[in-house]
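A look at the structure
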Amino acid sequence: MAETKRACIVGGGMCKFGVRAATIFDMLQEATSALSKDIPGLKPQEIDGLIFASTTAGRNSNSLNTAPIVAHRLGLKPTSICVRVDTLCSGSNTAIILAKGLIESGIAEVIMVCGTEKLNMPQRWESVYMNLMTNDHDWDSAMGLAVPPPFFGMIADAHMKKYGTTKAQMGAVSVTNYDYGFTNPLGQFGGRKLTIEEYLDARTVCDPFGLNDCCPVTDGASAVIIASEERAKAMTDRKLVYLRGTGQTATHGMSAGWPGETLADWPHLKKAGEVAYKNAQLTPQDIDVAQTHDCFSISEIIEVEELGFCKKGEGGEFVASGQVRVDGKTPVNTDGGLLTVGHPYGATGARQALEICKQLQGRAINQVKDPKFALTHNLSGVCAQHTVVIYGTEPVK
Amino acid sequence: MAELQSAKLYGVPQLDGRYSQVLDMWPLESEESNRLFPFYDNMKQGRWTTTKCKKCGYIHYPPVVTCTNCWSEDLEWVDIPKKAKVVSFTETMAGAPLGFDSPLIVAWLGFDKSHPLKHLFVRIINCAAGQLKAGDEVQFVTFEVPSIPIDVKKDVKVCDRVYYAFEPVKK
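Residues numbered from 1 in each chain as written. Chains lettered and ligands numbered in written order. Predicted model: local features only at pLDDT ≥ 70, side-chain atom pairs only at ≥ 80, totals over all residues.

**A look at the domain arrangement of chain B**
All names here are of chain B. Keep this limit in mind: Each domain span listed reflects an automatic or database assignment of domains. Throughout, a residue-residue contact means that the two C-beta atoms, derived from backbone geometry, are no farther apart than 7 Å. In the scheme used here, Gly and all other residues not listed as nonpolar or charged are polar, with Ala, Val, Leu, Ile, Met, Phe, Trp, Tyr, Cys and Pro taken as nonpolar and Asp, Glu, Lys and Arg as charged.
Examined at the domain level, chain B breaks down into domain 1 (27-80) and domain 2 (81-171). On a C-alpha basis, the centres of domain 1 and domain 2 stand 19 Å from each other. Facing 12 residues of domain 1, the contacting portion of domain 2 comprises 13 residues. For the side of domain 1 that touches domain 2, a count of residues per class yields six nonpolar, three polar and three charged.

Following this line, the structure appears as structure tokens:
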């Protein structure tokens, strides 16, 4: 039997995230330009595969079958794969799972994973209205489920009732991620600080969420290179970062299929984590730094629990006691997370992967001391799907 | 704005009054479009129904054409109980999606053990903001939504539509 190849993340780039006067193709070109500066040894001709993530390209950018257009606009001529994936908020993280498989199997050697979304439309109503189509249209959406704050508000309510989580603990998530995001010039809220007083005084979005509990509406694009170990070595002198394990779960399309006993329990995330840890031959205690999907403050609290960084029900205290800070037990969202960098759905996974790549190579802005193993996580839709990818400076033996 | 619209300089002039499904917030409900049309036909009679598998007995929600438990196509329509309790809710005071009035009240419902559903996300109507409480009993209620035209050979058929939400049970 032929020896299985190993897949590595080499580096990447992103455009400025925010309310952008730009199309998805403009932003993808900016991200690619940044990527070329991050990996000077990479030539466009070396890239044999493109996996492009976007959910709203067909609707917000009038572009169905978008992958060939992206290839053309980025000067790529793929020969192994050229495809678009649509898993909403986890788009480019899903693409990374696919890229890992294609490289380990020998089908591809060097894949660009990129993602983008144009969510700020010429008129504001349209971005809210479009979200009706990102849920189960004929069922939950017809009940008024469009943008997610009301659903996650009920999740927060459930967690507060069941586990005693407080508004101040949710505020600790936001304040911590604003502290991290302050130093990220490409984030939507880069350069902004948030105090707990400002957090508590912010206008209500929907109970119990204030403005700073929610990630903003963001345009953006990001791109990373996933390559075989041999090609990664030829491309860069930096430390190699291996893709060790992945897991992805989907339990339901609409609310009737919610898998938890209450909204505060996310067994589908726990399962995705278990699968990824098993594949990566690691445990939650091995993870030195993580990027989890902080679409809302409460999300990060539940994620650190279900991913095993702390006990179930203790996520609020874990964050509030500083365990997710750069010198804490498990630093989380060290580039500012969705709450401050913003969340252009398909671009978020690659943005997280790029931060983890930098952390493991020792070149992040908010650098954790000597990390060896790291994790990224996305949830998609109204918590319908969970995606986990685990990286390491050593491959699985 | 009206002048702009009448002059067709605004919006999508080529639609000229035609229906576009792309922007429709409601389901296609008629038998020309959807094999689950009995769900909507039953709803027009005030019934809340779903499919039950005759082979394995599993009750689905939403209803299906093929059983999600055993993949049999041998299904029947059954009525399901129309009352539930509010576990949690939120009231969106402004900024509800186009087509929904503010305040938009949505709730997470819990059903008792005899019900095939465990929980469900729903809209609450016929209820003023500030009135609903966790633990309140609510019931299934239907309402009309806009009819749509469907081309059937050389004719246009107008399809009337309904949808459902929940409302507080009067004490």
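**So, the interface of chain B and chain A**
Let me state the cut-off plainly: For helices the rule is a DSSP run of H or I covering at least 4 residues; for strands it is a run of E covering at least 2, with both sets numbered from the N terminus onward.
Each partner contributes residues to the interface: chain B has 24 residues there, and chain A has 25 residues. Every element with two or more residues in the side of chain B that touches chain A is listed here: strand S3 (83-92), strand S4 (104-110), strand S5 (119-124) and strand S7 (155-168) of chain B. Ranked by the residues each element gives to the side of chain B that touches chain A, the list is headed by S5(B), at five residues. Of the residues assigned to the side of chain B that touches chain A, the class counts are 18 nonpolar, five polar and one charged.

**Some points on the environment of Phe166(B)**
All names here are of chain B. Relative to the helices and strands, Phe166 is located in strand S7. The spacing of Phe166 and Thr142 is 24 residues in sequence and 8.2 Å in space, taken between C-alpha atoms. Leave out the neighbours within four places in its chain, and Phe166 touches Ala84, Leu109, Val122, Ile124, Val138, Gln139, Phe140 and Val141.

**A few points about the domain arrangement of chain A**
Residues and elements named next belong to chain A. Taken domain by domain, chain A comprises domain 1 (7-123 + 219-235) and domain 2 (147-212 + 244-391). The C-alpha-based centres of domain 1 and domain 2 are spaced at 23 Å. If you look at the interface, domain 1 gives 33 residues, while domain 2 gives 29 residues. Elements supplying a minimum of two residues to the side of domain 1 that touches domain 2: strand S1 (7-14), helix H4 (91-104), strand S4 (110-117) and strand S7 (220-228). Top contributing element to the side of domain 1 that touches domain 2 by residue count: H4, with seven residues. Taken together, the residues of the side of domain 1 that touches domain 2 break down into 14 nonpolar, 15 polar and four charged.

**Let's talk about the environment of Ala223(A)**
Take Ala223(A): it is sitting in strand S7. Each C-alpha atom, one on Ala223(A) and one on Lys311(A), is 34 Å from the other, the two residues being 88 residues apart in sequence.

**Considerations on the packing of helix H6 (residues 149-163) of chain A against helix H11 (residues 297-306) of chain A**
To characterise two packed helices, one gives the angle between the axes of the helices and the distance between these axes. Residue and element names in this part refer to chain A. Definition in use: Axis geometry follows a simple rule: fit a line to the C-alpha atoms, using only the stretch in contact for helices, then measure angles between N-to-C directions, giving values from 0 to 180 degrees. Geometric relationships in this document are graded by angle, where less than 35 degrees denotes roughly parallel, more than 145 denotes roughly antiparallel, 65 to 115 denotes roughly perpendicular, and other angles denote oblique. In this scheme, a crossing is called left-handed if the near helix is turned counterclockwise away from the far one by less than a right angle; it is called right-handed if the turn is clockwise.
Running from N to C, H6 and H11 point in directions that differ by 50°, and their axes come no closer than 9 Å. Between H6 and H11, the crossing angle belongs to the class labelled oblique. Two packed elements cross with a definite hand, and for H6 against H11 that hand is left-handed. Only Ile298, Ser299, Ile301 and Ile302 of H11 make contact with H6, whose side of the interface consists of Phe152, Ile155, Ala156 and His159. Residue composition of the contact of H6 with H11, grouped by class: six nonpolar, two polar and no charged.

**Some remarks on the sheet that holds strand S10 (residues 373-380) of chain A**
All names here are of chain A. For clarity, the cut-off: The pairing criterion for strands is at least two bridges between them, as found by DSSP.
If you walk across this open sheet you meet the nine strands as S3-S2-S4-S7-S1-S8-S11-S10-S9, and the pairing is mixed. Each edge of the sheet is formed by a strand with only one pairing partner; in this case those strands are strand S3 (81-85) and strand S9 (289-291). Each strand of the sheet is rotated relative to its neighbour by a mean of 25°, with strand direction disregarded. Where S9 lies against S10, three bridges are found, and the strand directions are parallel. Pairing of Gln291 across the sheet is with Thr376, part of S10.

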